[in-house]
Amino acid sequence: MCGIVGYVGQEQAAPILLDGLSKLEYRGYDSAGIAVSLQSRIEVVKTKGRLQVLDDMTDSGRAVPGTCGIGHTRWATHGEPSTVNAHPQYTKDKSIAVVHNGIIENYAEIKEFLGKKGYDFQSQTDTETVAVLLEYYYEENGRTNPLEAISKVMNRVRGAYALGILFADVPDTVYAVRKESPLIVGRSATGTLIASDVPAILKYTRDVYYIDNLEIARLTETDIAFFNMDLEEIHKESVHIDWDAEAAEKGGYEHFMVKEIHEEPRAVQDTLGTCVREAGGHYHLDMSAFGVPEETVREADRLCIVACGSAYHVGMVAKYVIEDLARIPVDVDLASEFRYRRPILSPKTLVIIISQSGETADSLAALREAHSHGNKVLGIVNVVGSSIAREADYVFYTMAGPEIAVATTKAFSTQLTASFLWAIHFGQVRGEIDDARADELLRALMALPDQISRLLEEKERIQWFASKYAAAQDTFFIGRGIDYAISMEGSLKLKEISYIHSEAYAAGELKHGTISLIEQGTLCVCILTQPQLYEKMVSNMVEVRSRGGYLMALTNVGNYNVENTADFTVYIPRTDPHFSPVLAIVPLQLFAYYVSCAKGLDVDKPRNLAKSVTVE
Ligand code: AGP
């Protein structure tokens, strides 16, 4: 996700901004920039690429004089990585400059409103809309009251934001605003600072103020003032940070993986926010931004989902959900197989490539194979501007933000969410789902972020159970239907970060051979979230138990009779059965994580693995 820094004080700002941004590089970014104000002018220097490029462009900040400025590292969400889309974004006359972390959900309608007022735009970003809207309200009050302009913007925009703002005609002052996206304020020996995260500020102070939602901070060299949206000044207590720099990068979590698991509620929420709209208490989908012609959907004779690893497991889940909701036949293929098996594709088959990195060699090759057959490709991708995103005919970006841990967690959850959204859209376009059913399904999706948060509160119990299995040699994950698909992901998570052999099996298949492997104490994780398959699953559990297996059950709240058979049970909140994988995967990710921790392994960087497999 993006990184924000700001400084105002006695020292030259640019070197401090560059240093602060370097402490936020771990967050992942594709462009960077700074804005410094001097004598009622704002100088902006920004570039695509690494921070070193910006450092070189500014002679390590020496070429941009001034003691008040803001800086940014951008993780692209709206508009591909480029210099023009990099932050700071600013008004045409550079009288206002803005850096932003978050997503403005209603930026398109605001941009249209401002366009009608005669404003034009240079970038594809939602952030530029904020800068121009600030200008609109600042002009409206005769450029006399920046705080009032800020408050009006806060009232108008929807979504998540942390903003750093400079007004050219308000020298030596940095404004900061927060809604959902974290932003902190601190004081150094020579001035005051803002930052997205603690690492950028630790060098100067361990006493910080956390800006709360819908609050504004105004910083000068010597003064820090906080206001609410009504511009009433508010008092805040500082918080002392005990973390060291490395722990700070992980937000106080021990590993990026567990931090990213805890980011799943926000990631799913942001992904839903790209296309779920609410009007009059009812939800509906707006997929028009992604450009997939309704005719293509209506006439599709088949969908072909192609991916690797965890993304392939998303495809397995998506097959069940799309076929059930949209009644389109769905094939799911491993990209490394698809690209070489001379696939038979009809012209009406829509190919869907799922990829977090957008750079996986096999998945990119599969995309090109589909194109060689003349088929259209929809990419479901997390990294904006990645190769798969650029070469696909249509792109749906998941909003997981940068995922640092090699084992995917939050990106996986957002890919599942994306596949559910498309299943509903396909169903509506093909007349299988009416507005009422769509509202019902979308309401269930919108409840998922809170339900994930509730599940995360169970983590200590899962940690206790996981610590018992650090010495396990062989484990099984079994399920039926959608639960079989998600058992694959649970098994992969355990394998890739704890190095314990594990197999995922369709529960109905066990008796056809594998059950011979079950011995006394063999752990079998049984997933039973699908009501219509619940009794069948319990029977399979009894089969395993009768051979000495040790059973962990993962099922819906209310299915308490499962404890007559299972040795350890984890319950997930009730949701529409199609969407239970987004919840079921949370305990499975935590289980794998805590087993790996119990074994003292490098959770974030498992042996032999890379975050993106860009070679065959
Ligand atoms: C999952 O934890 C692994 N990191 C791996 O299976 C990954 O999902 C696979 O390599 C696909 O990567 P992609 O989504 O970036 O294409």
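The model shown is predicted, which means the values in this text are computed figures rather than measured ones.

Reading guide: rules and limits
Residues numbered from 1 in each chain as written. Predicted model: local features only at pLDDT ≥ 70, side-chain atom pairs only at ≥ 80, totals over all residues. Heavy atoms only, no water. Helix = DSSP H or I, 4+ residues; strand = E, 2+ residues; numbered from the N terminus. Rg over C-alpha atoms; globule rule 2.2 N^0.38 Å. Buried < 20%, exposed > 50% of the residue type's maximum accessible area, 1.4 Å probe, protein only. Contact = heavy atoms within 4.5 Å. Areas by Shrake-Rupley, 256 points an atom, 1.4 Å probe, with all protein chains shown as cover. Lys, Arg positive; Asp, Glu negative; His and termini not counted. Charge placed at Lys NZ, Arg CZ, Asp CG, Glu CD. Pairing = 2+ DSSP bridges. Axes fitted to C-alpha atoms, helices over the stretch in contact; angles between N-to-C directions. Patch = residues over 30% accessible without salt bridge, like charges linked within 9 Å, V, L, I, M, F, W, Y side chains within 5 Å. Salt bridge = Lys/Arg side-chain N within 4 Å of Asp/Glu carboxyl O. Parallel < 35°, antiparallel > 145°, perpendicular 65-115°, else oblique. Nonpolar A, V, L, I, M, F, W, Y, C, P; charged D, E, K, R; others polar. Near = heavy atom within 4 Å. Polar contact = N/O pair within 3.5 Å; in protein donor to acceptor, adjacent residues only side chain to side chain. Phe/Tyr/Trp six-rings, centres within 6.5 Å; stacked < 30°, edge-to-face > 60°. Lys NZ or Arg CZ within 6 Å of the ring centre and 35° of its normal. 1 Å grid on protein atoms, 1.4 Å probe; cavity = no way out; pocket = protein on both sides within 12 Å on 5 of 7 lines; lining within 4 Å. Points joined across faces, edges and corners; volume = space filled by probe spheres on them. Right-handed = clockwise from strand over helix to strand, strands pointing away. Left-handed = near helix turned anticlockwise from the far one by under 90°.

Draft legend 1. Inspection of the overall build of the protein at higher detail. Helix and strand counts for the protein come out as 19 helices and 27 strands. On C-alpha atoms alone, the protein measures out to a radius of gyration of 25 Å, which is about the 25 Å that the 2.2 N^0.38 rule sets for 616 residues. Seen through its C-alpha atoms, the protein measures out along the principal axes to roughly 80 × 55 × 45 Å. Looking at the protein residue by residue over its 616 residues, the buried ones come to 61%. Here the contacts in the protein between residues at least 6 apart in sequence split such that 70% fall between residues at least 24 apart. As presented, the protein carries roughly 23100 Å² of accessible surface, and 47% of it is formed by carbon and sulfur atoms. Taken together, the 59 basic and 83 acidic charged side chains of the protein have centroids lying 3 Å from each other.

Draft legend 2. Local environment of the sheet that holds strand 20 (residues 349-355). Spatially, the five strands line up as an open sheet ordered 19-18-20-21-22, and their pairing is parallel. Looking at the sheet topology across the chains shown, the edges are occupied by strand 19 (330-334) and strand 22 (394-397). Neighbouring strand axes in the sheet, compared pairwise and without regard to direction, differ in orientation by 20 degrees on average.

Draft legend 3. Geometry of a nonpolar patch on the surface. Where nonpolar side chains cluster on the molecular surface, the patch consists of Tyr210, Val239 and Trp243 and spans about 230 Å² of accessible area. Inspection of the secondary structure puts Trp243 in the loop between strand 15 (239-240) and helix 6 (245-249).

Draft legend 4. Spotlight on the packing of helix 8 (residues 264-273) against helix 15 (residues 435-456). Look at helix 8 against helix 15: their axes get within 8 Å of each other, and the N-to-C directions meet at 175 degrees. Taken together, helix 8 and helix 15 sit at an angle that is classed as roughly antiparallel. On helix 15, the residues touching Glu264, Pro265, Val268, Gln269 and Leu272 of helix 8 are Leu445, Met446, Leu448, Pro449, Ile452, Ser453 and Leu456. Here the contact of helix 8 with helix 15 is built from residues that sort into nine nonpolar, two polar and one charged.

Draft legend 5. Spotlight on the site of the ligand. Surrounding the ligand, one finds 14 residues, the nearest of these being Ser355, Gln356, Ser357, Thr360 and Glu496. Here an oxygen atom of the ligand sits 2.6 Å away from a polar atom, N or O, in the side chain of Ser355. Backbone polar atom of Val406 to a nitrogen atom of the ligand: 2.8 Å apart, as the coordinates give it. In the complex, 90% of the free accessible area of the ligand, which totals 410 Å², lies under the protein chains. Of the residues contributing to the shell around the ligand, the split by class is five nonpolar, seven polar and two charged.

Draft legend 6. Main features of the packing of aromatic side chains. For the structure on display, the rule yields 20 aromatic pairs. Ring centres of Phe420 and Phe579 lie 5.0 Å apart, and the angle between their planes is 40 degrees; this geometry places the pair in the tilted category. Of the two residues, Phe420 sits in helix 14 (residues 410-429) while Phe579 sits in the loop between strand 27 (568-572) and helix 19 (580-598), which places them 159 residues apart along the sequence. On the basis of relative accessibility, which here comes to 0%, the residue Phe579 falls in the buried class. Measuring from ring centre to ring centre gives 5.1 Å for Tyr560 and Tyr571, while their planes differ by 65 degrees; the resulting arrangement is edge-to-face. Taken together, the positions of Tyr560 in the loop between strand 26 (550-556) and strand 27 and Tyr571 in strand 27 put the pair eleven residues apart, joining distant regions of the chain. Given a relative accessible area of 17%, Tyr571 falls into the buried group. The rings of Trp464, Phe465, Tyr469, Tyr550, Phe568 and Phe591 are connected pair by pair, giving a single aromatic cluster. Sitting over the ring of Tyr90, Lys94 keeps its end group 5.1 Å from the ring centre.

Draft legend 7. Quick peek at the sheet that holds strand 6 (residues 96-104). Sheet architecture is open: seven strands sit in the order 5-6-7-8-12-13-14, paired in antiparallel fashion. The open sheet terminates on both sides in strands that have one partner only, identified here as strand 5 (89-90) and strand 14 (233-234). Examined bridge by bridge, strand 5 and strand 6 share two bridges and lie antiparallel to one another. Bridge pairing links Tyr90 to Ala97 in strand 6.

Draft legend 8. Geometry of empty space enclosed by the protein. Taken as a whole and judged by the stated rule, the model has five cavities of 30 Å³ or more. Elements supplying a minimum of two residues to the lining of the largest cavity: strand 6 and helix 4 (126-140). Partitioned by chemical class, the residues of the lining of the largest cavity number two nonpolar, eight polar and two charged.

Draft legend 9. Spatial organisation of the pairing of strand 18 (residues 302-307). Counting buried positions along strand 18 yields five of six residues, so the element is predominantly enclosed. Pairing between strand 18 and strand 20: five bridges, direction parallel. Bridge pairing links Cys304 to Val351 in strand 20. Sheet topology note: the strand 18/strand 19 ladder contains five bridges and is parallel. Bridge pairing links Ile305 to Val332 in strand 19. Following the chain from strand 18 across helix 10 (residues 309-326) to the adjacent parallel strand 19, one finds a crossover that is right-handed.

Draft legend 10. Representation of the side chain of Thr73 in the model. Its location among the elements puts Thr73 in strand 4 (residues 68-74). What makes Thr73 buried here is its relative accessible area of 0%. Filtering out sequence-adjacent residues up to four positions away, Thr73 remains in contact with Cys2, Gly3, Leu21, Tyr29, Ser31, Ala32 and Leu51.

Draft legend 11. Summary view of the environment of Cys275. Mapped onto the elements, Cys275 comes out in the loop between helix 8 and strand 16 (276-279). Under the relative-accessibility criterion, Cys275 is labelled buried at 0%. Sequence separation of Cys275 and Leu285 is ten residues, and the distance between their C-alpha atoms is 5.6 Å. Among all residues touching Cys275, those that are not within four sequence positions of it are His284, Leu285, Asp286, Met287, Phe290, Phe396 and Leu421.

Draft legend 12. Representation of the packing of helix 8 against helix 14 within the structure. Direction vectors running N to C along helix 8 and helix 14 enclose 30 degrees, while the axes themselves pass 9 Å from each other. On the basis of their axis angle, the class for helix 8 and helix 14 is roughly parallel. Judged by the sense of rotation from one axis to the other, the crossing of helix 8 with helix 14 is right-handed. Of the residues in helix 14, those in contact with Glu264, Ala267, Val268, Thr271 and Leu272 of helix 8 are Lys410, Ser413, Thr414, Thr417 and Leu421. For the contact of helix 8 with helix 14, the class distribution of residues is four nonpolar, four polar and two charged.

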